[in-house]
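Fold and geometry: a report
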Amino acid sequence: MSEASKDTLALGKQRSSHGRQQDEGVLVIRSIAMPADTNPSGDIFGGWLMSQMDLAAGNMAGRVSQGRGATVSVEAMQFLRPVKVGDEVTLYATLLKVGRTSMRIHVDAWARPRYSEKAQKVTDADFVFVALDENGAPRPVFDET
Ligand SMILES: CC(C)(COP(=O)(O)OP(=O)(O)OC[C@H]1O[C@@H](n2cnc3c(N)ncnc32)[C@H](O)[C@@H]1OP(=O)(O)O)[C@@H](O)C(=O)NCCC(=O)NCCS
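Residues numbered from 1 in each chain as written. Predicted model: local features only at pLDDT ≥ 70, side-chain atom pairs only at ≥ 80, totals over all residues.

1. Re the nonpolar core
Membership of the largest hydrophobic core comes to 31 residues, with the highest contact counts inside it found for Ala57, Met60, Ala93, Ile105 and Val107. Take this core: its biggest share by element is 7 residues, from helix α2 (residues 46-65). Contact partners of Ala93, with chain neighbours within four places excluded, come to Gly25, Val26, Val28, Ala56, Ala57, Met60, Ile105 and Val107. (Core = buried A, V, L, I, M, F, W, Y, C linked by C-beta atoms within 7 Å. Buried ≥ 20, exposed ≤ 12 C-beta atoms within 10 Å, placed from the backbone. Helix = DSSP H or I, 4+ residues; strand = E, 2+ residues; numbered from the N terminus. Contact = placed C-beta atoms within 7 Å.)

Here it is as structure tokens:
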């Protein structure tokens, strides 16, 4: 990684991590899986989890770029374990890369059964967000002036 890339990554991490660097990711969302979020089999619907992950990545992207943005790709998503009703679901986001107009953000989702301390990773994926201007066109993540 070039020195310039390291600098923009460091600035992005500073903006998005409350000033604290955490290798394992920044806690962005914590939520409870509810009965309304289930699939026909009674487990939590994968689409609900994906939307939580997209929200988490979007939240970090908005902090890093300090403005609006959109998901342009989701890569390497894997569902490792089912999520059950009542689980506490926690989303951690890690800024991996800052390009000119894009940000690559890794999201890990963990679930903790309601009456247990044994949280387990349930999904992860890499999200690419593009910073957008008021017309919906890509804009630089960091002000280039
Ligand atoms: C986001 C959007 C404006 C980007 O437009 P575009 O013409 O592809 O823009 P560019 O080609 O200039 O690419 C912009 C950046 O995104 C990156 N990018 C584009 N497509 C990508 C992909 N499939 N995967 C990873 N990165 C991608 C480019 O590398 C570039 O990054 P950089 O500036 O950091 O080098 C356009 O694709 C769009 O509006 N998509 C729909 C977004 C949306 O609605 N998301 C919600 C879905 S529900």
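Let's pick the thread back up.
2. Description of the sheet that holds strand β4 (residues 102-112)
Taking strand neighbours across the sheet as the criterion, the 5 strands line up as β1-β3-β4-β5-β2 in an open arrangement whose pairing is antiparallel. The strands lining the two open edges of the sheet, one partner per strand, are β1 (26-32) and β2 (69-79). Pairwise comparison of adjacent strand axes, ignoring direction, gives a mean angle of 25° for this sheet. Here strand β3 (residues 88-98) runs beside β4; their pairing, made up of 10 bridges, is antiparallel. When the sheet's bridge partners are listed, Thr94 is paired in β4 with His106. Of the strands in this sheet, β1, β3 and β4 are in contact with helix α1 (residues 3-16), which crosses β3 at around 150°. (Pairing = 2+ DSSP bridges. Axes fitted to C-alpha atoms, helices over the stretch in contact; angles between N-to-C directions.)

3. Some words on α2
Taking 1.5 Å of rise per residue, the 20 residues of α2 would be expected to cover 28 Å, and the 28 Å separating its terminal C-alpha atoms lies within 8% of that figure. If you check which residues of α2 are buried, you get Leu49, Gln52, Met53, Ala56, Ala57, Met60, Ala61, Val64 and Ser65. Of the surrounding elements, those touching the buried residues of α2 are α1, β1, β2, β3, β4 and β5 (120-131). (Expected span 1.5 Å × (residues − 1).)

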